[in-house]
Structures are given as structure tokens and as C-alpha cells.
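Residues per chain are reported as follows:
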Amino acid sequence: MSVQESPEGDCALDRGDVRIAPQYLGICGSDLHVLAGGHPFAQPPTVPGHEVCAIVTEVGPGAEGIAVGDHAVIDPIMACGHCRACRSGRPNLCEPPNVAGFRAPGFARTSHVVPARNVHIAPKDVAWTDLAFTEPATCARHSAGRMPEDCRDDILVIGAGTIGLSIVRALRIMGAGKLTVIEPDPAKRAFAGRLGADRCVAPGELRSETFSGVFDVVAAQTTLNEACTRVIAGGTVVVMGVPNGPREIPLPSMQRFERTLTSSGMYQPGDFDDAIEWIRSGAFRPGDLVTDVFDLDDAARAYERAKEPDSIKVLIHIAD
Ligand SMILES: [Zn+2]
Ligand SMILES: [Zn+2]
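Residues numbered from 1 in each chain as written. Chains lettered and ligands numbered in written order. Predicted model: local features only at pLDDT ≥ 70, side-chain atom pairs only at ≥ 80, totals over all residues. Heavy atoms only, no water.

An unreviewed UniProt entry lists the protein under the name Zinc-binding dehydrogenase, with Schaalia naturae as the source organism. UniProt annotates the protein under Cofactor (unreviewed entry) with the comment "Zn(2+)". (UniProt positions renumbered as here; feature names shortened; annotations may be inferred.)

Rendered as C-alpha cells:
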């Protein structure tokens, strides 16, 4: 694409591109994997960061509906735009995955250029630290939507970290029925209760109960076994955790009784807009889920803090 002249005569952005100034960056478990050198799609040194809220600082030609000064959340999936998955509205399935902070340059910087289609405008009265939580809420929005509506009446969520907690909230907003959570950490169990879970138990506490839908937000062999054996005939298991290797599934009972095993991988553009609206309306309040905010100078400490089990979401303040 050609480089266009801006009104000031400077070398401006390519068609359809937008320059952003990241404000707050969220640290995710997957960022810690990259940092430790254990991520399949990214090796350090790399610029990390895929959870970001930003101010629009420059708008290229053809970037409709976006203005300098807008507050925005950026979809980190830099999809090709023309493969079968992209054409069917599922850019999260574009292969190979080209995601900011992994294969593509991340958002931990003061200035960055992104395609306009990745920019989701947010109302300016949403607090930046709330807006910074949009990406995990978007993950939860997509994941909850992967559970068929007729399986949402009696749900089990295994694992109440950042995403598990967000799924609890998303399910509550989306009208799910009874919500049960399995989580070893008592503080996170209490949190899940405040976000709308009806019952929160430690691993091993449930008896022989079964559920119409189960989210495995851990994806360990033990949690997958639990998910597959606790889902009713005709029910659905959504794997939302990121497994670190192959897993066995109890196929005989899954096959005979039409238990569905499905998964959720990142999100689609509309999930961002739903999550922004949830946060704007107060239906989804990130407030307490953000446990720590570090200045950019303290970024190294922020990554250390994010490894500690009693942190939920750790943010880095990039710019004012
Ligand atoms: Zn993430
Ligand atoms: Zn594609």
C-alpha cells in the first residue's frame, strides 16, 4: 500500500492504519510463558503485550470511524483477512496465528501502528484501569458463548484464576443458571462468589454431582477427567485452559452419550465490543480483579508479581 501525505506534509500512515499510544498493559499467564522461553509461538527477546488500552494519536487514510484522541482497546489478532477462517468471520482461527506479543510485535511500547480493524473504540468515561481488563473479559465472553444455550442451566467452572473468574461473570451476564466453581485457593473461591457463582468448592469436595455444561479452565489431565466425567449425557465440556501437551479423554462415555468436547481459542471482533459494553454499563466490574498497577520503570517487578498466586491481574502503566 502506498504511503500518503498527511495534511502537515509529514510521512503519514499507510491506508487503513492507526497509530496508538498504549496506556495500560495487562500481564497474562501466556506472557510469563514467553518470558520463560516456554511458549510455542514466541521466544525472547521479543516485545511482549497483547492486553492493552490506548489513545489514538494518528489516523491513516481510510480508517473510518476512528479519530485522534479516541480511547480504544486493541484486538491483538493480526489476521490475514483473506483465508477461509477470516472470510467466515473467525479471524481467531487464522493460521499460522499472528498475535501481537507472540509472533507479531507486542504492545509494551509508547507508540505502535495497528490496522484500523483491530481498533475497538471505548467510551471516554470508562476508567483506564477498567478498560485494560477488556481483553480477559473478551476471552470470557467468547468462551461463554461456546457453551450451547441449552447446556447453560447448571454449569461447573473448574479453575478460578483471571479467566475462570471472568467466565463466571460472563455467564452471569449472559443468563446462565446455577454456577458451581472448583478452585483450590480460598480467596479466589470467595471472589467467584462475589462475581456470581452460587457455590464454590475446593478440589475433591464435590460428590457425585453432574452438570449440563463444564468449563475446564485448567486443561490438566486431572481437570479434563473431572470435566468429562461430571458432564451429563448430551452435555458440553468447553476447554478454555491451555494444555501444555497431549491429554487423554474418556472416549467411551463421551461417544455413547453424545457428550460434546469443544474448545475456545481467543475471540472474535464482536466479543470485544460486547466486553467493552459490559464494562461501560457496570455489568462487568474489573475493579477488584486488578490487584496491582506498576509504572513502566517497575515493569520487571510487575512480571515477578504476576507469577505470585495471590495476584489476579497485574497492569503496567505505560503512559499518562
Ligand atoms: Zn492474555
Ligand atoms: Zn486469515
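**Q** Describe the UniProt feature "domain: Alcohol dehydrogenase-like C-terminal" (unreviewed entry) in the protein, and please don't skip the residues or the numbers.
**A** In the numbering used here, UniProt assigns the feature "domain: Alcohol dehydrogenase-like C-terminal" (unreviewed entry) to residues 163-280. A distance of 19 Å separates the end C-alpha atoms of residues 163-280, which is 42% helix and 23% strand. (Helix = DSSP H or I, 4+ residues; strand = E, 2+ residues; numbered from the N terminus.)

**Q** An account of the coordination of the zinc ion (ligand 2) is needed here, citing residue identities and associated values.
**A** Protein ligation of the zinc ion (ligand 2) involves Cys 80 (SG), Cys 83 (SG), Cys 86 (SG) and Cys 94 (SG), the donor distances falling in the range 2.3 to 2.4 Å. Around the zinc ion (ligand 2), the four donor atoms sit at angles spanning 104 to 116°, and that spread fits a shape best called tetrahedral. As a motif over one chain, the donors of the zinc ion (ligand 2) read C-x2-C-x2-C-x7-C. Here Cys 80 is found in the loop between β5 (71-74) and α2 (84-87), whereas its partner Cys 94 is found in the loop between α2 and β6 (112-115), with 14 residues between them in sequence. In this structure Cys 94 comes out as buried when scored by relative accessible area, which is 8%. (Donors = N, O, S within 2.8 Å, 3.2 Å for Na, K, Ca; no water. Tetrahedral: all angles 85-135°; square planar, octahedral: opposite > 155°, others 65-115°. Buried < 20%, exposed > 50% of the residue type's maximum accessible area, 1.4 Å probe, protein only.)

**Q** Can you tell me about the pattern of salt bridges, naming the residues and giving the values?
**A** Oppositely charged side chains may form a pair once their charged atoms are brought near each other. All told, the structure shown has twelve salt bridges when counted by the stated rule. Its salt-bridge partner being Arg 301, residue Asp 298 comes within 3.3 Å of it at the nearest N-O pair. Shared partners join several salt bridges into a network, and the residues in it are Asp 292, Arg 305, Glu 308 and Asp 310. (Salt bridge = Lys/Arg side-chain N within 4 Å of Asp/Glu carboxyl O.)

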